[in-house]
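Each chain is listed here by its residues.
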Amino acid sequence: MRVVPTWLRRKDRDPTRAMTMVEHLEELRRRVFISIIAIVVAAIVGWFLFTPVLHFILHPYTQACRALPKIGRPPTRCDQLVNAGVIGPFLIHLKVALYIGLGIALPIVLFQLWRFITPGLTQKERRLTVPFILSSIVLFALGGFFAFYTLPRGLRFLLGFGGQNIVVLPEASKYISFVLLLTLAFGLSFEFPLVLIFLAWVGIVSSQKLRQWRRFAILFIVIFAAVITPRQDPFTLLAMSVPMVVFYEATIWITRLMKR
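Residues numbered from 1 in each chain as written. Predicted model: local features only at pLDDT ≥ 70, side-chain atom pairs only at ≥ 80, totals over all residues. Heavy atoms only, no water.

Draft legend 1. Layout of the pattern of salt bridges. Under the criterion given, the structure shown has four salt bridges. For Glu27, the salt bridge is made with Arg31, and the minimal N-O distance between the two is 2.7 Å. A residue pair is termed a helical-turn pair when its members lie 3 or 4 positions apart in one helix, as Glu27 and Arg31 do in helix 1 (residues 21-48) at four residues. By relative accessible area, Glu27 is classed as buried at 17%. For Arg31, a relative accessible area of 8% corresponds to the buried category. The partner of Lys174 in a salt bridge is Glu171, with the nearest N and O atoms 3.9 Å apart. (Salt bridge = Lys/Arg side-chain N within 4 Å of Asp/Glu carboxyl O. Helix = DSSP H or I, 4+ residues; strand = E, 2+ residues; numbered from the N terminus. Buried < 20%, exposed > 50% of the residue type's maximum accessible area, 1.4 Å probe, protein only.)

So this is what it looks like as structure tokens:
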């Protein structure tokens, strides 16, 4: 009796033989399935971590709120958010648990991604598996750190427009979505140098081309940062675009050391 589906089983394959289209699709389905299972299992763990994570997410807003003059603060306490619906708390709990699950399962997801593209790489390029995964995690975490570092200043800038005539009621669902999307946007944007280094490693780009594209790259980075951030305040824009420009310049030097 077969317990595991055939397409989910790992098959022994000759690494020197090219995979067929059907084998590629089966491999993709297998990798996606494993990634989804990992995220679901990690989200179950995240469900029980909701309270400390919520306090962590709420901390930047509390800082920004308390920095405002008393006359310009929201009518609620600075450590409280507003929810208008009955089902809202459950959906918020579920949303935060899924994002926690994605964060916990990120190494597994990246490993599955790398394993999917491995058949198209040479033996030398396959040795980059561990550095690729570790550097991806470090860069994503660094992006999340920058997001939370700039968040209080960005929130203070946005809340400052309220004044005396506009009452700000921070809705829980929208605020949490804003913080989580901002963290995700920063995390993904900080993977930018890793993508460039990988493209240089496989010979698609070179340090000379990166130098020639510098002006267009800076323009693209600024536009990208303006579009991908949930709120286009100047603090968030600068906090994302400046590190990406620095990463771009660092990538040029790294590719030169790689003699690419």
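Right, picking up where we left off after that structure.
Draft legend 2. Highlighting the layout of surface pockets. Roughly 620 Å³ of internal volume is contained in the largest pocket. Breaking the lining of the largest pocket down by element, the ones donating at least two residues are helix 2 (50-67), helix 3 (88-104), helix 4 (106-117), helix 6 (129-159) and helix 7 (172-189). Tallying contributions element by element places helix 6 first for the lining of the largest pocket, with seven residues. Here the residues of the lining of the largest pocket sort into 18 nonpolar, four polar and one charged. (1 Å grid on protein atoms, 1.4 Å probe; cavity = no way out; pocket = protein on both sides within 12 Å on 5 of 7 lines; lining within 4 Å. Points joined across faces, edges and corners; volume = space filled by probe spheres on them. Nonpolar A, V, L, I, M, F, W, Y, C, P; charged D, E, K, R; others polar.)

Draft legend 3. Examining the environment of Cys65 more closely. Structurally, Cys65 is set in helix 2. On the basis of relative accessible area, Cys65 is assigned to the buried category, the value being 0%. Taking the C-alpha atoms as reference points, Cys65 and Cys78, 13 residues apart in sequence, are found 5.6 Å from one another. Those residues in contact with Cys65 that sit more than four places away from it in its chain are Arg73, Pro74 and Cys78. (Contact = heavy atoms within 4.5 Å.)

Draft legend 4. The confidence of the model for the protein chain, seen in detail. The predicted model of the protein chain averages 81 in pLDDT, with 85% of residues at 70 or higher. Put simply, helix 5 (residues 123-126) is where the protein chain has its lowest mean pLDDT, 68, and helix 3 is where it has its highest, 90. (pLDDT = per-residue confidence, 0-100.)

Draft legend 5. Representation of the state of the cysteines within the structure. Applying the stated criterion to the full structure yields one disulfide. Note on cysteine connectivity: Cys65 is disulfide-linked to Cys78, with sulfurs 2.1 Å apart. Disulfide Cys65-Cys78: the torsion about the S-S bond is -60°, which places it as left-handed. Placement of the pair is Cys65 in helix 2 and Cys78 in the loop between helix 2 and helix 3, with a sequence separation of 13 residues. The two residues Cys65 and Cys78 agree in class, both being buried. (Disulfide = S-S within 2.5 Å.)

Draft legend 6. Main features of the packing of aromatic side chains. For the structure on display, the rule yields 10 aromatic pairs. Relative to Phe148, the ring of Phe56 has its centre 4.7 Å away and its plane inclined at 35°; by these criteria the two rings are tilted. A residue pair is termed long-range when its members are at least 10 positions apart, and Phe56 in helix 2 and Phe148 in helix 6 qualify at 92 residues. Taking the centre distance of 6.0 Å and the plane angle of 25° together, the rings of Phe220 and Phe224 count as stacked. Of the two residues, Phe220 and Phe224 both sit in helix 10 (residues 214-228), four residues apart, roughly one turn of that helix. (Phe/Tyr/Trp six-rings, centres within 6.5 Å; stacked < 30°, edge-to-face > 60°.)

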